[in-house]
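# Structural description and commentary
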Amino acid sequence: MPSAFIPFTMRASARADHRRTFRTDIERLNNGHLPRVPLDVLRSTNNQAVFRGAVPKGAHTATDESLARFLEGRLATDDIHLDLSVTIER
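Source: prediction; values computed, not measured.

### Observations concerning helix H1 (residues 22-30)
Within H1, burial applies to Phe22, Asp25, Ile26 and Leu29. Projected onto a plane normal to the axis of H1, the buried residues spread over an arc of 100° and lie on a single side. On its buried face, H1 sits against strand E1 (5-14), strand E2 (39-44), strand E3 (48-56), helix H2 (64-77) and strand E4 (82-88).

Written out as structure tokens, the structure reads:
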């Protein structure tokens, strides 16, 4: 039985110690680097990007903050270090 997907918007900002890799990290995210979390880039600059995405419903989708922490953790395992701000669409 498929899980419900929760839509969200995400603002990704470059961390000071990872500014050099920001554009590469955004490209990796846009090319499906987060399995089971489809993302589309809405706009981006050299230090910030805005995405629209969806994630399977779970404990991590209880609040905007819990989803941001969940996504930051998943990205960090792939050596992508961004500051995220997430808004779940209710």
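### A short note on the pattern of salt bridges
Going through the model one piece at a time under the given rule, you end up with 3 salt bridges. Among the salt bridges present, the one from Arg28 reaches Asp25, with a minimum N-O distance of 3.6 Å. Of this pair, Arg28 and Asp25 are both found in helix H1, 3 residues apart, which corresponds to roughly one turn of the helix. The closest approach of N and O atoms between Arg52 and Glu89, which form a salt bridge, is 2.7 Å. Note that Arg52 is positioned in strand E3 and Glu89 in the segment after E4, a separation of 37 residues in sequence.

### Some points on the pairing of E4
Look at any regular strand and the pattern is simple: side chains alternate between the two faces of the sheet. Here E4 shows a buried face lined by Leu82, Leu84, Val86 and Ile88 and an unburied face lined by Asp83, Ser85 and Thr87. Here 7 bridges tie E1 to E4, and the two strands are oriented antiparallel to one another. In the sheet register, Thr9 faces E4, and the bridge partner there is Thr87.

### Details of H2
A rise of 1.5 Å per residue sets the reference length of H2, with its 14 residues, at 20 Å; its end C-alpha atoms lie 20 Å apart and thus fit the reference within 8%. Residues Ser66, Leu67, Ala68, Leu71 and Leu75 constitute the buried set of H2. Buried residues along H2 sit against E1, H1, E3 and E4. Downstream of H2 by one or two residues, Asp79 has phi in the positive range, about 60°.

Thresholds applied
Residues numbered from 1 in each chain as written. Predicted model: local features only at pLDDT ≥ 70, side-chain atom pairs only at ≥ 80, totals over all residues. Heavy atoms only, no water. Buried < 20%, exposed > 50% of the residue type's maximum accessible area, 1.4 Å probe, protein only. Helix = DSSP H or I, 4+ residues; strand = E, 2+ residues; numbered from the N terminus. Arc of directions from axis to C-beta. Contact = heavy atoms within 4.5 Å. Salt bridge = Lys/Arg side-chain N within 4 Å of Asp/Glu carboxyl O. Pairing = 2+ DSSP bridges. Expected span 1.5 Å × (residues − 1).

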